[in-house]
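# Survey of secondary and tertiary structure
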Amino acid sequence: GREVARTYLAQPAATRDGTSIRVQVNIADPSDVETVDIGHCDGVGLMRTEFLFGKVLPDEGTQLAAYRKVLEWAGGKPVTIRTVDAGGDKPVPGFTVEETNPFLGLRGIRLSLARPEIFRVQIRALLRAAVHGNLKVMVPMVAVPGEYAAAAALFSDEAAMLAKAGVPHKMPPLGIMVEVPSVAVAPELFSDAAFFSIGSNDLTQYVLAAARDNGRVAALHDVGHPAVLRLIGNVAAFAREQKIPVSLCGDAGGDPAAIPALLAAGLRDLSAVPAQLAAAKAAIAAVEL
Ligand code: PEP
Ligand code: MG
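Definitions and limits used
Residues numbered from 1 in each chain as written. Chains lettered and ligands numbered in written order. Predicted model: local features only at pLDDT ≥ 70, side-chain atom pairs only at ≥ 80, totals over all residues. Heavy atoms only, no water. Helix = DSSP H or I, 4+ residues; strand = E, 2+ residues; numbered from the N terminus. Rg over C-alpha atoms; globule rule 2.2 N^0.38 Å. Buried < 20%, exposed > 50% of the residue type's maximum accessible area, 1.4 Å probe, protein only. Contact = heavy atoms within 4.5 Å. Areas by Shrake-Rupley, 256 points an atom, 1.4 Å probe, with all protein chains shown as cover. Lys, Arg positive; Asp, Glu negative; His and termini not counted. Charge placed at Lys NZ, Arg CZ, Asp CG, Glu CD. Disulfide = S-S within 2.5 Å. Near = heavy atom within 4 Å. Polar contact = N/O pair within 3.5 Å; in protein donor to acceptor, adjacent residues only side chain to side chain. 1 Å grid on protein atoms, 1.4 Å probe; cavity = no way out; pocket = protein on both sides within 12 Å on 5 of 7 lines; lining within 4 Å. Sits in = over half its atoms within 2 Å of the grid points. Nonpolar A, V, L, I, M, F, W, Y, C, P; charged D, E, K, R; others polar.

### What to know about the overall build of the protein chain
What the protein chain contains, in helices and strands, is ten helices and eight strands. Radius of gyration (C-alpha) of the protein chain: 18 Å, near the 19 Å computed for a compact globule of 289 residues. Counting only C-alpha atoms, the protein chain reaches 55 × 40 × 35 Å along its principal axes. Taken across its 289 residues, the protein chain has 52% of its residues classed as buried. Taking the contacts inside the protein chain whose residues are at least 6 apart along the sequence as the reference set, 66% of them involve residues at least 24 apart. For the protein chain, the accessible area works out to roughly 12300 Å², and carbon and sulfur atoms hold 56% of it. Of the side-chain charges in the protein chain, 27 are positive and 30 negative, and the distance between the mean point of each set is 3 Å.

What follows is the structure in structure tokens.
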């Protein structure tokens with residue numbers, strides 16, 4: 001039970017037969033780190049930034065302070081910050097638009113690219129934060145390669161302007177979320193990405209056409225479905241072959257019931273919310289690969 005899981009928390013994760021597994025933490029708000037010992041995880045697998053986008057859109061300094069706080073807390077371990085994933089189940093007044101089918105509409109990178117004046121503020125804050133730790137940045141809801149290319153071009157453009165202005169900054173590795181089926185089916189279209197992070201919450205809802213936030217179809221929203229696991233295995237195999245780092249940052253990464261299948265699909269890097277870190281490590285320790 002809980003006591004047994006606690007003994008795993010302080011140790012590096014490994015399967016019963018000795019394969020090391022990276023276990024990172026997911027955070028939704030910088031104050032989450034106050035409850036986590038960095039020694040208990042291998043970094044931040046997903047820092048959501050929607051929390052910053054409340055009633056007023058955050059300015060560059062506000063964002064920089066929030067990102068810097070987490071980077072400094074992590075003390076050199078990687079911190080993967082996701083650019084704003086507004087829309088779908090995460091509406092932001094003054095930013096997202098009203099749509100009849102928001103999960104298939106203007107959300108994530110689609111919205112960021114449609115509102116470059118807002119996206120560029122976040123990009124500048126990330127470039128400036130990168131000098132304070134081991135930052136990685138990932139883009140949510142990528143469906144086609146042009147979206148990744150457009151985001152990368154904005155990062156380069158802002159970096160050039162910061163350089164011209166003499167502002168300290170650094171270009172972080174830029175990766176993508178794998179949460180739209182087009183990417184999971186054809187990951188070879190995205191071999192420019194610095195890393196992949198599988199968003200199993202959205203990937204599952206799009207593969208099974210079952211909304212993640214609708215209790216009536218909750219039984220269909222199953223990450224253990226063979227179709228979802230086959231896609232995860234496809235991404236893991238392509239990433240290994242191409243030496244592209246791959247992790248998983250959906251809720252399944254901290255779910256002891258899902259972990260054996262995720263490892264069997266080839267994943268070796270998972271990310272879990274703080275409350276699930278111990279249980280995830282205990283579940284990994286019980287797996288025989
Ligand atoms: C996911 O979709 O699995 C994910 C990690 O992102 P979010 O839950 O924020 O959409
Ligand atoms: Mg998602």
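### Some points on the state of the cysteines
Tallied over the entire structure, the rule returns zero disulfides. Unpaired in terms of disulfides, Cys-41 finds its nearest cysteine sulfur in Cys-249, a separation of 14 Å.

### With respect to the site of ligand 1
Around ligand 1, a shell composed of 15 residues is seen, among which Arg-48, Arg-82, Gly-199, Asn-201 and Arg-212 lie nearest. In this structure, Arg-48 approaches ligand 1 through a side-chain N or O atom, which is 2.8 Å from an oxygen atom. Within the side chain of Lys-90, one N or O atom sits 2.9 Å away from an oxygen atom of ligand 1. When atom positions are compared with the pocket grids, ligand 1 is found to occupy the largest cavity. When residues of the shell around ligand 1 are assigned to their parent elements, the largest contribution, three residues, is made by helix H7 (residues 200–208). The residue inventory of the shell around ligand 1, partitioned by class, reads three nonpolar, four polar and eight charged.

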